[in-house]
Amino acid sequence: MPFMKARAGLAVFAGCALLLAGCAERDEFTDSTLPPITSDQIAAATTTSTIDLAPADQGPRTPTITGDGCELTPVPATGSATLTYSIGGSILELSADATEASCVIENVVPPPGEVIWAPGGNSLLIGPATLRNVFGAFPTGLVDTDTTVRWSYPDGAYLLSVNDRGRLDRRTAGNARARQSLYAMDRTTTVTAHPAGEHLLIGGTARDRTVGIWIANLEGRSARPIVTVPTDGAAITEISSSSSGDQIGFVATVGERFELFIGRLPELTLARVLDVQTPLAALTQSASGALAVRVGACAGRTTTQMYAGGTMVDVSASGALANRSTSPVGWLDANRLIVIARDTGCEGSGDLWAVNVANPNLPQLLVSAVDRVAIRPGPVRATPIGGNLAPNPASVDLA
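Quick look at the structure, then.

Rules of the game
- Residues numbered from 1 in each chain as written.
- Predicted model: local features only at pLDDT ≥ 70, side-chain atom pairs only at ≥ 80, totals over all residues.
- Heavy atoms only, no water.
- Helix = DSSP H or I, 4+ residues; strand = E, 2+ residues; numbered from the N terminus.
- Contact = heavy atoms within 4.5 Å.
- Areas by Shrake-Rupley, 256 points an atom, 1.4 Å probe, with all protein chains shown as cover.
- Buried < 20%, exposed > 50% of the residue type's maximum accessible area, 1.4 Å probe, protein only.
- Polar contact = N/O pair within 3.5 Å; in protein donor to acceptor, adjacent residues only side chain to side chain.
- Pairing = 2+ DSSP bridges.
- Axes fitted to C-alpha atoms, helices over the stretch in contact; angles between N-to-C directions.
- Lys, Arg positive; Asp, Glu negative; His and termini not counted.
- Salt bridge = Lys/Arg side-chain N within 4 Å of Asp/Glu carboxyl O.
- Phe/Tyr/Trp six-rings, centres within 6.5 Å; stacked < 30°, edge-to-face > 60°.
- Disulfide = S-S within 2.5 Å.

What follows concerns the overall build of the protein. Helices and strands together make up the secondary structure of the protein, namely two helices and 30 strands. In the protein, 54% of the contacts between residues at least 6 apart in sequence involve partners at least 24 apart. Surface summary for the protein: the accessible area is close to 15800 Å², and the carbon and sulfur share equals 51%.

Here it is, written out as structure tokens:
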């Protein structure tokens, strides 16, 4: 196999990571295959200033490619999240000790664009026109004008999409003809599925022109608002849910102002955690409730802000990621954020790093010069919302 031969025997690296670049919804799960950060590293992070930190390993780091071919194997019921990345037309999965990689899929034509694994990790969306699983490749019916694409929970039975005209569709995964338009909103701007698998969280504008977030069943029916934004000209551009299902994060914007909020379920209590005059995107959330978001326009340098324990940290403000353009990929576990770092912008190849909530100034370099990265999740466990939601929606004013 040309790909395997070309990279067999490459140097061992000490890390691991995964891809999602550019897509909205990044997955978060409770287990990790990455080697834990040692107590010495934690002590260094807590006793040493960022200025005096020892230089981080700048690489390059490349895994040794193992195996004789490419195979997409099912994730066991007790499996944990792993990291996958693409180089050229092949998608690779890192080993548990982060020293080797095996080929999952090769000769993807054209080379994979955005890659999104389904909950449970047994199907993946490529492009987004193609669905791949252990049975083969299937057309999805999705096109470039479908600007937001999400999997349904808990098993990826459906694909949710929002097109550039604000229409929300649901497709049966693997059946391009099985499309249903959901009319919960007059115009939808973003959507995500609650990880318990019983509800959708839909951002947009209702028929009465109210802007906010609605919760609906999987048919887009029985919709009710949980967040309203009364500010004229406002929009909801991002929604994420923790994998435990008891917290949402969302971005609301008006004009050139972008604000990030956290909301608790089922209480519907809100907290504003970031307010900036530059775009916020690529919002992702861990099982423990930590959030990360990309700050800045892709035409220049972007940074990654991480919110955990009541504190917002710019993970690219110092240390090895200083002056790099970074974007969050997703959470490998409750405390480990994966980011991709480039020289500028948020497109093209980059290096993968792991950032720990406990010591964000000591990122671990995982893999150098990858095209794309995506987290392959393990089984999903979340608590249903049920009928316990607070009776009245929360309200935020961006004025």
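Before going further, it helps to examine the environment of Asn356. Relative to the elements of secondary structure, Asn356 occurs in strand E27 (residues 350–356). Residue Asn356 is classed as buried on the basis of its relative accessible area, which comes to 10%. Along the sequence, Asn356 and Asp333 sit 23 residues apart, while their C-alpha atoms lie 9.8 Å from each other. Only 2.8 Å separates the side chain of Asn356 from the backbone nitrogen of Ala358, close enough to count as a polar contact.

Turning our attention to the sheet that holds strand E12 (residues 179–182). In space, the four strands of this open sheet follow the order E9-E10-E11-E12, with antiparallel pairing throughout. Across the chains shown, the open sheet's two edge strands, defined by having one partner strand only, are strand E9 (146–151) and E12. Going from strand to strand, the sheet's axes swing by 25° on average, the running direction of each strand aside. Relative to strand E10 (residues 158–163), E9 runs antiparallel, the two sharing five bridges. Opposite Val149, over in E10, you have Ser161 as the bridge partner.

For Asp333, the location among the structural elements is in the loop between strand E25 (325–331) and strand E26 (336–342). Buried within the structure, Asp333 lacks any salt-bridge partner; Arg336 is the closest side chain of opposite charge, at an N-O distance of 4.4 Å. At 3.0 Å, the side chain of Asp333 and the backbone nitrogen of Asn335 are in polar contact. Separated by 2.7 Å, the side chain of Asp333 and the backbone nitrogen of Arg336 make a polar contact.

For the structure shown, the criterion picks out one aromatic pair. Between Phe250 and Phe261, the aromatic rings sit 5.1 Å apart at their centres with planes inclined by 15°, giving stacked as the arrangement. With Phe250 in strand E18 (residues 247–254) and Phe261 in strand E19 (residues 257–264), this pair connects stretches of sequence that are eleven residues apart. Residue Phe250 is classed as buried on the basis of its relative accessible area of 0%. Residue classification places Phe261 among the buried residues on the basis of a relative accessible area of 2%.

With that settled, consider the pattern of salt bridges. Counted under the stated rule, the structure contains 13 salt bridges. Note that Arg376 and Glu93 form a salt bridge whose closest N and O atoms lie 3.2 Å from each other. Of this pair, Arg376 sits in strand E29 (residues 372–376) while Glu93 sits in strand E3 (residues 90–94), placing them 283 residues apart in sequence. Assigned by exposure class, Arg376 and Glu93 land together as buried.

So, on to the pairing of E19. Judged by how many residues are buried, E19 sits mostly within the fold: six of eight residues are covered. Two strands pair when backbone bridges link them, and E18 and E19 are joined in this way by eight bridges, in the antiparallel orientation. When the bridges of E19 are listed, Ile248 appears paired with Gly263. Adjacent in sequence and paired antiparallel, E18 and E19 are bridged by two residues, among which Gly255 carries a positive phi angle near 60°. Counted along the chain from E19 to the antiparallel partner strand E20 (residues 269–276), the turn is four residues long, and its residue Leu268 has a positive phi close to 60°.

This part covers the state of the cysteines. A full pass over the atoms with the stated rule returns two disulfides. There is a disulfide in this structure between Cys70 and Cys103, and the S-S distance comes to 2.0 Å. On the sign convention where negative is left-handed, the bridge of Cys70 and Cys103, at about 85° about the S-S bond, is right-handed. Of this pair, Cys70 sits in the loop between strand E1 (64–66) and strand E2 (82–87) while Cys103 sits in strand E4 (residues 100–105), and the two are 33 residues apart along the sequence. Across the disulfide from Cys298 sits Cys346; the S-S distance is 1.6 Å. When the S-S torsion is 105°, as for the bridge of Cys298 with Cys346, the disulfide is right-handed. Placement of Cys298 in the loop between strand E22 (291–295) and strand E23 (303–308) and of Cys346 in the loop between E26 and E27 is noted, with a sequence separation of 48 residues between them.

With that settled, the discussion passes to the environment of Pro195. Inspection of the secondary structure assignment puts Pro195 in the loop between strand E13 (187–193) and strand E14 (200–205). Between the alpha carbons of Pro195 and Asp246 there is a distance of 9.7 Å; along the sequence they are 51 residues apart. Ignoring any residue separated from it by four or fewer positions in sequence, one finds Pro195 in contact with Tyr153, Pro154, Ser241, Ser242, Ser243, Gly245, Val380 and Ala382.

Now for the sheet that holds E19. Strands sit in the order E17-E18-E19-E20 across an open sheet of four strands; the sheet is antiparallel. Single-partner strands in this sheet number two, and they are strand E17 (235–241) and E20. Each strand of the sheet is rotated relative to its neighbour by a mean of 20°, with strand direction disregarded.

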